[in-house]
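Spelled out from the first residue to the last, the chains are:
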Amino acid sequence: MALLDWVVITLFALALIGIIVWVMRQKQNNAADYFLGGKDATWIAIGASIFASNIGSEHLIGLAGSGASSGMAMAHWEIQGWMILILGWVFVPFYSRSMVYTMPEFLERRFNPQSRTILATISLISYVLTKVAVTVYAGGLVFQQVFGIDKLWGIDFFWIAAVGLVLITALYTIFGGMKSVLYTSVLQTPILLLGSLIILVLGLKELGGWEEMMRICSSAKVNEYGDTMVNLIRDNNDAQYPWLGALIGSAVIGFWYWCTDQFIVQRVLSGKNEKEARRGTIFGAYLKLLPVFLFLIPGMIAFALHQKLGSFLPMLPSGLPNSDAAFPTLVAKLLPAGIKGLIVCGILAALMSSLASLFNSSAALFTIDFYQRFKPKTDPKRLVKIGQAATVVIVILGILWIPVMRSIGDVLYLYLQDVQSVLAPGIAAAFLLGIVWKRASAQGGMWALLTGMIIGLTRLGAKIYYSNLGVEAGASENPSIFQQIFYDENWLFFCGWMLLLCLAVGFVVSMCTKAPDASKIQGLVFGTSTPEQRLATRHSWNAWDIVNSIIILGITVAFYIYFW
């Protein structure tokens, strides 16, 4: 790192401090101010925050790494960003009318308090033990590689980077609340985009252009069916990414993440009205088209450079190239002074915005879905203090969990990624039933949620058990029915079957139990809105919103056609 790099990083830090100081001078008198930024966010802040919150360690390490190891396969998950449009066009009106702060709170309005407790518990535990832990762990690894420092003041630099990242982010999240998350994202998003774009351009220049990357990667076979790294649609017998399973699994996980997860939806709830919230999702969907080009394709460039030069990526003890080091290696080897500092700012922006969003969402879940429920008469200003205290506790838990992450390393990292795929179907089923079907009863929604949780945890347990025994999925001669269903079945197809089962359970239980009162679900389900509510929604969009949504869908289709 040259002096110019440190100057760039210092300027970024000063700009960040300026925004945070400005935010902290704003009054935060109640939970709406602290958790939803006073509900006056514009579409630019919402869209930038959706994007910046989404881009985290799974992109800097995971997406670039998968680009270097398996090519285009993981692009399914990124290009499913068009589902943010479903959030804006379908779900925003119902969420806005319900006047809720959190997604579990919405399930209570639609179903019952038990559904709220189940979802709040699942979300809070999974945030602290998976998303926070993975982001912090990966952040420490990235900065150790980018800075090229093993020890500082006699301390492993991983710990300095990881704990420093948590503490800096925690400070502005605790005191600034949602407003600090929103407005720092407006600074962080362009820096992240610019930094990643520079990596893409310099990587292609070093390699010899787009055609050279496509030539090298299209000659790299990824399975015995003739598919190469540039194929998005792979043979349906592919062990990891069968085309039908990839389309189904990425759609289920994408729907859960973009339309029902507190981590994303909280940004939209902070909009000043339906119009700003919807346009924020459209802007976010435009931005979400970029990660494939900014993170996954640089991974493929790193692979192509490794093939062309004979050595580019660091090697693992097994003798294979370390694909997870693709993005940091590009930063370390290709960038001139000053630009490297900008990229480090971009990486910092990605990790800090993700962490800040996680801290704020976790604090909102605890404060609104647990504390306020049991102490409903709590003074609004005290709720803000409770939210700040909850953030502190979550920060401490995140730091305490880092040694566990470090000791188990990549194995746990893979298990934690699986958590999302097994929790998504049950939550998606509950929200689908709740918003689409008037007859869905309180018990039906709750059991759809519970079924997903039970099956998901069984699948996760089976994976840990059989993996530790050294059993390879699909390789046993006489597997038990349990092993066939919960371990051998491709995880993407399993995700689709799980959604269908949860919907079926919700449907059957609903038909066997009492229908909800019309007054309870008014404005929360299709076909229950008042004429005034429908008119308000109609006035919240115009032709430009439709045109931009169609452009996003068109780009998505064009991407699938090009990389078919």
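First, a word on scope: everything that follows refers to the structure included in this document.

Procedures and definitions
- Residues numbered from 1 in each chain as written.
- Predicted model: local features only at pLDDT ≥ 70, side-chain atom pairs only at ≥ 80, totals over all residues.
- Heavy atoms only, no water.
- Helix = DSSP H or I, 4+ residues; strand = E, 2+ residues; numbered from the N terminus.
- Rg over C-alpha atoms; globule rule 2.2 N^0.38 Å.
- Buried < 20%, exposed > 50% of the residue type's maximum accessible area, 1.4 Å probe, protein only.
- Contact = heavy atoms within 4.5 Å.
- Areas by Shrake-Rupley, 256 points an atom, 1.4 Å probe, with all protein chains shown as cover.
- Lys, Arg positive; Asp, Glu negative; His and termini not counted.
- Charge placed at Lys NZ, Arg CZ, Asp CG, Glu CD.
- Disulfide = S-S within 2.5 Å.
- Phe/Tyr/Trp six-rings, centres within 6.5 Å; stacked < 30°, edge-to-face > 60°.
- Lys NZ or Arg CZ within 6 Å of the ring centre and 35° of its normal.
- Salt bridge = Lys/Arg side-chain N within 4 Å of Asp/Glu carboxyl O.
- Expected span 1.5 Å × (residues − 1).
- Polar contact = N/O pair within 3.5 Å; in protein donor to acceptor, adjacent residues only side chain to side chain.

Looking at the overall build of the protein
Within the protein, the secondary structure is distributed over 24 helices and two strands. Compactness check: the protein gives a C-alpha radius of gyration of 23 Å against a globular reference of 24 Å for 564 residues, within 12% of the reference. When its C-alpha atoms are laid out on the principal axes, the protein stretches across 70 × 65 × 50 Å. Across the 564 residues that make up the protein, the buried fraction comes to 58%. A separation of at least 24 residues holds for 82% of the contacts in the protein among residues at least 6 apart in sequence. In the form shown here, the protein has an accessible surface area of approximately 22600 Å², with 67% of it arising from carbon and sulfur atoms. Treating the 38 positive side-chain charges of the protein as one cloud and the 31 negative ones as another, the clouds have centres 12 Å apart.

Describing the state of the cysteines
Tallied over the full model, the rule gives zero disulfides. Cysteine Cys502 remains unbridged, with the sulfur of Cys495 as its closest cysteine sulfur at 9.8 Å.

A closer look at the packing of aromatic side chains
Taken as a whole and judged by the stated rule, the model has 16 aromatic pairs. Here Phe106 and Phe431 contribute two aromatic rings whose centre-to-centre distance is 6.1 Å and whose plane-to-plane angle is 10°, an arrangement assigned as stacked. In this pair, Phe106 is assigned in helix α7 (residues 103–110) and Phe431 in helix α18 (residues 410–436), connecting sequence segments 325 residues apart. A single burial state applies to Phe106 and to Phe431, both of which are buried. Seen in terms of ring centroids, Tyr465 and Tyr466 are 5.1 Å apart; in terms of plane orientation they differ by 70°. Their pairing is edge-to-face. Through pairs of rings, three or more aromatic residues link up here, namely Phe91, Tyr95, Phe106, Phe255 and Phe431. It is Arg278 that lies over the ring of Trp89; its NZ or CZ is 5.1 Å from the centre. Positioned above the aromatic ring of Trp541, the side-chain terminus of Arg538 is 3.8 Å from the ring centre.

Describing the pattern of salt bridges
One pass over the full model with this rule turns up eight salt bridges. With a closest N to O distance of 2.4 Å, Glu78 and Lys288 form a salt bridge. You can see Glu78 sitting in helix α5 (residues 75–79) and its partner Lys288 sitting in helix α13 (residues 274–288), a full 210 residues away along the chain. One exposure class covers both Glu78 and Lys288, and it is buried.

With respect to helix α19 (residues 442–468)
An ideal rise of 1.5 Å per residue puts 39 Å on 27 residues; α19 measures up with 39 Å between its terminal C-alpha atoms. After α19 finishes, the residue Gly470 shows a positive phi value of roughly 80°.

Observations concerning the environment of Ser270
Mapped onto the elements, Ser270 comes out in the loop between α12 (262–269) and α13. On the accessibility criterion, Ser270 (0% relative accessible area) is buried. A sequence separation of 101 residues divides Ser270 from Tyr371, and the C-alpha atoms of the two residues are 21 Å apart. For Ser270, the side chain forms a polar contact with the main-chain oxygen of Arg267, separated by 2.5 Å.

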